[in-house]
Amino acid sequence: MAAVDAPDLDYQVAFERHWDDVFRFSLAWTNDWAAAEDLAQDAFVRLWQNRATLDWDRSVLPWLLVAARRLATDRFRSLRRRVLPRSTESTFDEAMRDTWLDVQSAMSTLSPLERTAIVLTAVEGWSYAEVAAAVGTTDGALRAAVSRAREKLEVR
Amino acid sequence: MSRTRTDVLLEGWKMASHSAQRPEAPPARATSRAALPLGLVAAAALVILGLVVGSRMLSSGPGPALPAVGASAAAATASPAPTAAPSAVVARPTPAATGKPSAGSGAPSAADIAAAKAFIETYTSNLQHGKTTNAWRMLANREQLKYPSNAQWAVERYQFFQGVKNYAVTANPKDVQPIAAWLTGTNGATIDMSHAVLVEVRYTGVPGPADWDLYIVNKTADGLEIYSVR
């Protein structure tokens, strides 16, 4: 049986432990299912490429979220020029199509920061500090974004 | 108590987003396996076979070349070792492979480190004093392209620095990942690893984990440039 190095195992564990978080963060940031799948995929590719240099004793989730956010910024710049091919099989549940389309439409009125702030704190139960670190802003700015998001969703 | 429209929307978001199924295999592992077609393995085996044959020919001298070739060829084709060796090489990129090659070799000098630290001190001072245009010019071109506009970046930085009371700049910080782990934040730019320095800024007065920034200061022919890699 072939030996598996520790970074490989760490990577596998990180994938199983954090894929959901990276996907949901990406979904909140982009409001686009396919883009979120690709971002999660790309973030883990980056993690794989850097696995030999990472300190696996520390959580890699913050690293993954920052990578996903940066990739998202690049991605949308690219999307203005071309349509990206899909790099993964869809994770979408067709039974959820109507629900998702309604929610996506309402959430499109929010900025990425507002959407991510309200989704991750109110739905996923993350702390303000965790979300602020992931999106690269302050705790105070994040709280303000949550308030704005609620106002926009109520008056729509 | 009645549910608000926001509550209903967030419940819908939760139902939809939690219905997503995690892919069965991690992406890069699957990719690296797929990226090793039989042709590549065979080619690698041929290269190793050639090396073995060549070394045997050199070590055995000009005389009994034919028996040595036959023996080494048999050993190479019979052993599974050649297929294992190239797969390990392909599936394990070194840290240097994730960044662009450096122009020189070796680690940054003390002068490089001091210059990088001073550069970030100037950059941060500009931001703290509202001189966002000056700070913007210190960013690498690729770094500037990360943001929708200079104005949007400036507003965000200005608001952030409203809460900053003080800051401390540290070159080569010890409690973060090494510089090679942060190269993804440079968007594939050419980083001169023989001069590039990782520099951290820690803020006081800013709550939570948002109280730090991390930069790579890269040296180019035109001078220093900044990548925000946190």
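Reading the values: the criteria
Residues numbered from 1 in each chain as written. Chains lettered and ligands numbered in written order. Predicted model: local features only at pLDDT ≥ 70, side-chain atom pairs only at ≥ 80, totals over all residues. Helix = DSSP H or I, 4+ residues; strand = E, 2+ residues; numbered from the N terminus. Buried ≥ 20, exposed ≤ 12 C-beta atoms within 10 Å, placed from the backbone. Contact = placed C-beta atoms within 7 Å. Nonpolar A, V, L, I, M, F, W, Y, C, P; charged D, E, K, R; others polar. Pairing = 2+ DSSP bridges. Axes fitted to C-alpha atoms, helices over the stretch in contact; angles between N-to-C directions. Expected span 1.5 Å × (residues − 1). Arc of directions from axis to C-beta.

Draft legend 1. Main features of the overall build of chain B. Scanning chain B for helices and strands turns up 10 helices and four strands. Reading chain B from its N end, one meets helices and strands in the order α-α-α-α-α-α-α-α-α-α-β-β-β-β. Across the 230 residues that make up chain B, the buried fraction comes to 25%. Considering only intrachain contacts with a sequence separation of at least 6, the fraction spanning at least 24 residues in chain B is 69%.

Draft legend 2. Inspection of the overall build of chain A at higher detail. Across its full length, chain A holds seven helices and zero strands. The N-to-C order of helical and strand elements in chain A reads α-α-α-α-α-α-α. For chain A, buried positions account for 47% of its 156 residues.

Draft legend 3. Structural detail: unusual backbone geometry. At N31 of chain A, a residue that is not glycine, the phi angle is positive and equals roughly 60°. Unusually for a residue other than glycine, N172 of chain B sits at a positive phi of about 50°. Within the secondary structure, N172 of chain B sits in the loop between β1 (166-171) and β2 (197-204). Exposure remark for N172 of chain B: the 16 C-beta atoms within 10 Å place this residue in the partly exposed category.

Draft legend 4. Here's a closer look at the interface of chain B and chain A. Listed by partner, the interface residues are 42 residues for chain B and 49 residues for chain A. Counting only elements with at least two residues in the side of chain B that touches chain A, the list comes to α1 (5-17), α2 (27-34), α6 (95-98) and α10 (150-162) of chain B. Ranked by residue count, the leading element in the side of chain B that touches chain A is α1 of chain B, at 10 residues. The residue inventory of the side of chain B that touches chain A, partitioned by class, reads 20 nonpolar, 15 polar and seven charged.

Draft legend 5. Seen up close, the environment of L139 of chain B. All names here are of chain B. Tracing the backbone through its elements, the reader meets L139 in the loop between α8 (132-138) and α9 (141-144). The exposure class assigned to L139 is buried, which follows from the 20 C-beta atoms found within 10 Å. As a C-alpha pair, L139 and Y227 span 88 residues in sequence and 6.4 Å in three-dimensional space.

Draft legend 6. Layout of the sheet that holds β1 of chain B. All names here are of chain B. Taken in spatial order, the four strands make up an open sheet running β1-β2-β3-β4, and their pairing is antiparallel. Across the chains shown, the open sheet's two edge strands, defined by having one partner strand only, are β1 and β4 (223-228). The mean angle between the axes of side-by-side strands here comes to 25°, regardless of whether they run parallel or antiparallel. Pairing of strand β3 (residues 212-220) with β4, which is carried by six bridges, proceeds in the antiparallel orientation. Looking across to β4, one finds that N218 is bridged to E225.

Draft legend 7. View of helix α7 (residues 139-155) of chain A. All names here are of chain A. Compared with an ideal rise of 1.5 Å per residue, which puts 17 residues at 24 Å, α7 spans 25 Å between its outermost C-alpha atoms and is within 8% of the ideal. By the burial criterion, the buried members of α7 are D139, L142, A145, V146, A149, R150 and L153. On an axial view of α7, the arc spanned by its buried residues comes to 135°, and they lie on one face. Away from the buried face of α7 by more than 90 degrees, exposed residues E151 and V155 are located.

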